[in-house]
Amino acid sequence: MSTINTFIEKFNEAVDFQEPVEVTADTKLQDLPEWDSLAALGVIVMCDMEYKKTITGNDLAGCNVIADIYKLVS
Amino acid sequence: MTQSTLHNIRFKGLTTCVPERTLSNIEDCPVEQRSERERLVRNIGIETRRVCLEGVVFSDLAQEAGEKLIAGLGWDKSSIDVLLVVTQSPDYPIPATAIILQDKLGLSHGTVAFDINLGCSGYAYGLFVLGSMLSAHGLKRGIMLVGDKSSNPLSLDNGLLSLFGDAATATALEFEENAPPMYFNMGSDGSGHRAIIIEAGGQRVPIQPHHLERLPGADGISRKGTDVILDGPSILNFSIREVPASISGLVEYSPFSLEDIDYFVLHQANRMINETIRKKLGLAPERVPLSLKEFGNTSSASIPVTMTTKLLQELGAGRKRLLLSGFGVGLSWASCILEIEDAYLPALIEI
């Protein structure tokens, strides 16, 4: 589980929410009040720089929970 | 990837003109949006932008920049052979803005004048086109006016509203035997043409009355058909894939290494994109100046705006080798290595 926990840490940093919220592997993106286009850009950069994976806007649109994004980079 | 070398072209001078009117992304927004804006500013790195007053257009700024440049160089107007305008903010759909400015700047009827319709990649493309014309012999002096009025203060798109600033720049090139070569690397990917687009107003989608109403899009933001739509993730993916490759490819093609370049002046897209490109190339921040914080994304003007506002002293102190790289709408990209020495580089012009 340590790897998804590391991913969640990086996710939280990347989305840079004004009001930090508790995020777990099962958190639905749509339930995050500040999940928006800016957060998506942050996550794309993070996946590219930290995991060397190119994630597109369509890839993210197909993700329901945080673990779905993690699957794309692992 | 297309690469090319231009010989016998000297970079003679650069002027940059911006509107005096300064808007703050945080202070000049409704209080209820402030928190959201703070987060946006932190990530795109843009605090203030210069925005034209109602009725002022790109060519007004360009004319000012052009007049200052010609006067500062002491060039006889009849000696200017080419006037190139690189903009996506023309005065009219037709005729070309360059031809209108030939007259307004008092240049001769012998002037070769035309527009290039490019945005963020336009500065290096302009240098290539103008430099190629001059290096073909026969023509001696050329001016290019580069920039856009991209601000749209009435937009309801928060991202767009905080991003764009207005600016125009004037650059002078001259044929000079044995001037240091300029190296170019350019590319295009029209499969991404929808990533930055104004849908209505051309012949594909003629303007209809409903294009002038703000209607909600798939992302919930209301826009007119004549507003710019940005596909952020596509632009980001394109920029961080193509730009480091273009820069590395150009350096490899040139006789230089990354260490031989004094400054890397990139199109000022947003901080997230620019910082990612910088980190991918492994460059120290001091070698990659940013003007985003004060001027925002000024489209094709962003490279010269950065040179004028961040490198004026350095460029005035002996020969400097720069790598310029523009990328964006099209999708289109162009990078260039050039040397600047003893050029006319006055301080920022504000009108």
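Parameters at a glance
Sequence positions are assigned chain by chain, starting from 1 and proceeding in written order. All chains are assigned letters beginning at A, and all ligands numbers beginning at 1, according to the order in which they are written. Only residues with pLDDT of at least 70 are given local features in this predicted model, and only at 80 or more are side-chain atom pairs given and counted; all residues enter the totals for whole chains, interfaces and linings. Based on all heavy atoms of the structure, the side-chain values leave hydrogens and waters out of the count. Domain limits in this description derive from either an automatic procedure or a database domain assignment. We call two residues in contact when some of their heavy atoms are within 4.5 Å. The quantity reported as buried area is the accessible area (1.4 Å probe) lost by two parts once they are put together, taken as the sum for both. Salt bridge, as used here: a side-chain nitrogen of Lys or Arg that lies within 4 Å of a carboxyl oxygen of Asp or Glu. Two cysteine sulfur atoms form a disulfide, by the criterion used here, when they sit within 2.5 Å. Partly exposed residues are those whose accessible area sits between 20% and 50% of the maximum for their type, while under 20% is buried and over 50% is exposed, using a 1.4 Å probe and protein chains only. Any two strands are treated as partners once DSSP identifies two or more bridges connecting them. To qualify as a helix, a DSSP run of H or I must reach at least 4 residues; to qualify as a strand, a run of E must reach at least 2; elements of each kind are numbered from the N terminus. Note on geometry: axes are C-alpha line fits, over the in-contact stretch for helices, and angles between N-to-C directions span 0 to 180 degrees.

With respect to the domain arrangement of chain B
Residue and element names in this part refer to chain B. One can read the domain layout of chain B as domain 1 (2-181) and domain 2 (183-193 + 228-340). A straight line from the C-alpha centre of domain 1 to that of domain 2 covers 16 Å. On the domain 2 side, the residues contacting the 43 residues of domain 1 number 46 residues. The three residues of domain 1 that bury the most area against domain 2 are Gln-3, Cys-120 and Tyr-125, which together make up 17% of that side's buried surface. Summed over the shared surface of domain 1 and domain 2, the result is zero salt bridges.

Brief notes about the state of the cysteines
Summed over all chains, the structure comprises zero disulfides over all chains. The structure places no disulfide on Cys63(A), whose sulfur is separated from the nearest cysteine sulfur, that of Cys47(A), by 8.8 Å. Free cysteine Cys336(B): the closest other cysteine sulfur is in Cys120(B), separated by 17 Å. For Cys336(B), a relative accessible area of 0% puts it in the buried group.

A word on the sheet that holds strand E14 (residues 263-266) of chain B
Residue and element names in this part refer to chain B. Spatially, the five strands line up as an open sheet ordered E1-E9-E16-E15-E14, and their pairing is mixed. If you trace the sheet from one side to the other, it starts and ends with strand E1 (2-6) and E14, each paired once. Here the strands of the sheet are splayed against their neighbours by 15° on average, with no regard to which way each runs. Relative to strand E16 (residues 332-340), strand E9 (residues 182-188) runs antiparallel, the two sharing six bridges.

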